[in-house]
Amino acid sequence: MPKQTHLVTMIFFMLLLCSGNAFATKPIQTTQRIIVLDPGHGGSSNGLTSSTGIEEKAITLKLARKTAQKLENRYNVFLTRTSDINASPQDRMAIANQQKAAFFLSFHLHHSPTPAAFFYYFDTPNAPSLKKATKATWISSAFLHSAENKKATKYFSQIFLRQETNITTQTRAMPIIVLEGATMPAILIEPFSISDLPNHPARIEILLDKYAQLIVDCIDQYF
């Protein structure tokens, strides 16, 4: 009889674990704003590579994690990936839509030879026809928050210029596939060049800490 009781108990806890995994993709229940951070690339998509062999996918993940840690005391933060895997742009945005996020931020790097930061929001050459579409489509939904997207990129640019006076910033409207389908304000940022990465790992961490705080300041200012 004790053996049977032990077996039933084990089965019970296994079912609990399984049910927890099954509901892991349900929308977060919270009164805090939900922010989805999207570390660009991952898996077989390495992105840019520095002269010392550091891959963009590793830096975007580290930067997104550091940003999440600085945000988590007042926002509910969700990452589209937490390891070296690649997800399609549609899957990344579907996560944000499912979580009913208040803001979506995709992290990437650039390779400009001069100190710069770039901020992008979604737009296409045939935007007028899409905006007037009577039925929302995956692409046209990205226009739902056009004004907010422009506002967000403006705040990011202003704060970067205020804190990093030696850089130039640009905000651009582009048909960025990772921003398609957004039902919330969504932008893509390239805060610095991969060539700006220091050679020493400890100095890289310091640089990423600085930019993570800068991004947090931008998000706070936006809200």
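## Some remarks on the overall build of the protein
1) Next: Scanning the protein for helices and strands turns up six helices and six strands.
2) Next: Along its sequence from the N terminus, the protein presents helices and strands in the succession α-β-α-β-α-β-β-α-α-β-β-α.
3) Next: Sorting the 223 residues of the protein into buried and exposed places 43% on the buried side.
4) Next: In the protein, the proportion of contacts linking residues at least 24 apart, taken out of those at least 6 apart, comes to 79%.
5) Next: Taken as a whole, the protein presents about 12000 Å² of accessible surface, with 58% of it coming from carbon and sulfur.

## Some remarks on unusual backbone geometry
1) Next: Unusually for a residue other than glycine, His 41 sits at a positive phi of about 65°.
2) Next: Within the secondary structure, His 41 is located in the loop between strand S1 (34-39) and helix H2 (56-71).
3) Next: Residue Lys 100 is not a glycine yet carries a positive backbone phi of 55°.
4) Next: Relative to the assigned elements, Lys 100 resides in the loop between helix H3 (89-98) and strand S3 (103-107).

## Concerning the packing of aromatic side chains
1) Next: The full count for this structure, using the stated rule, is ten aromatic pairs.
2) Next: Through successive ring pairs, a cluster of aromatic residues spans Tyr 75, Phe 103, Phe 119, Phe 156, Phe 160, Phe 192, Tyr 211, Tyr 222 and Phe 223.

## Remarks on the nonpolar core
1) Next: In terms of nonpolar packing, the biggest core is built from 40 residues, with Leu 37, Leu 105, Phe 156 and Phe 160 touching the most fellow members.
2) Next: Looking at this core, the elements with two or more residues in it are S1, H2, strand S2 (76-79), S3, strand S4 (116-122), helix H5 (146-163), strand S6 (186-190) and helix H6 (201-222).
3) Next: In contact with Leu 37, other than residues within four places in its own chain, are Ala 64, Thr 67, Ala 68, Leu 71, Val 77, Phe 78, Leu 79, Thr 80, Leu 105 and Phe 107.
4) Next: The next biggest cluster of nonpolar side chains, apart from the first, holds 19 residues, and it includes Phe 104, Ala 116, Ala 182 and Leu 188.

## Regarding the sheet that holds S3
1) Next: Read from one edge of the open sheet, six strands run S2-S1-S3-S6-S4-S5, paired in mixed fashion. The open sheet terminates on both sides in strands that have one partner only, identified here as S2 and strand S5 (168-174). Looking at each pair of strands side by side, their axes are set apart by 20° on average, direction ignored.
2) Next: Relative to S2, S1 is paired through four bridges, and the arrangement is parallel. From the neighbouring strand, Val 36 faces S2, where its bridge partner is Phe 78.
3) Next: Packing against the sheet, H5 makes contact with S3, S4, S5 and S6, and its axis sits at approximately 175° to S4.
4) Next: In the packing of H6 onto the sheet, contacts are made with S1, S3 and S6, and the angle to S3 comes to roughly 155°.

Cut-off values and rules
- Residues numbered from 1 in each chain as written.
- Predicted model: local features only at pLDDT ≥ 70, side-chain atom pairs only at ≥ 80, totals over all residues.
- Heavy atoms only, no water.
- Helix = DSSP H or I, 4+ residues; strand = E, 2+ residues; numbered from the N terminus.
- Buried < 20%, exposed > 50% of the residue type's maximum accessible area, 1.4 Å probe, protein only.
- Contact = heavy atoms within 4.5 Å.
- Areas by Shrake-Rupley, 256 points an atom, 1.4 Å probe, with all protein chains shown as cover.
- Phe/Tyr/Trp six-rings, centres within 6.5 Å; stacked < 30°, edge-to-face > 60°.
- Core = buried A, V, L, I, M, F, W, Y, C linked by side-chain atoms within 4.5 Å.
- Pairing = 2+ DSSP bridges.
- Axes fitted to C-alpha atoms, helices over the stretch in contact; angles between N-to-C directions.

The values reported here are purely geometric and, on their own, carry no functional implication.
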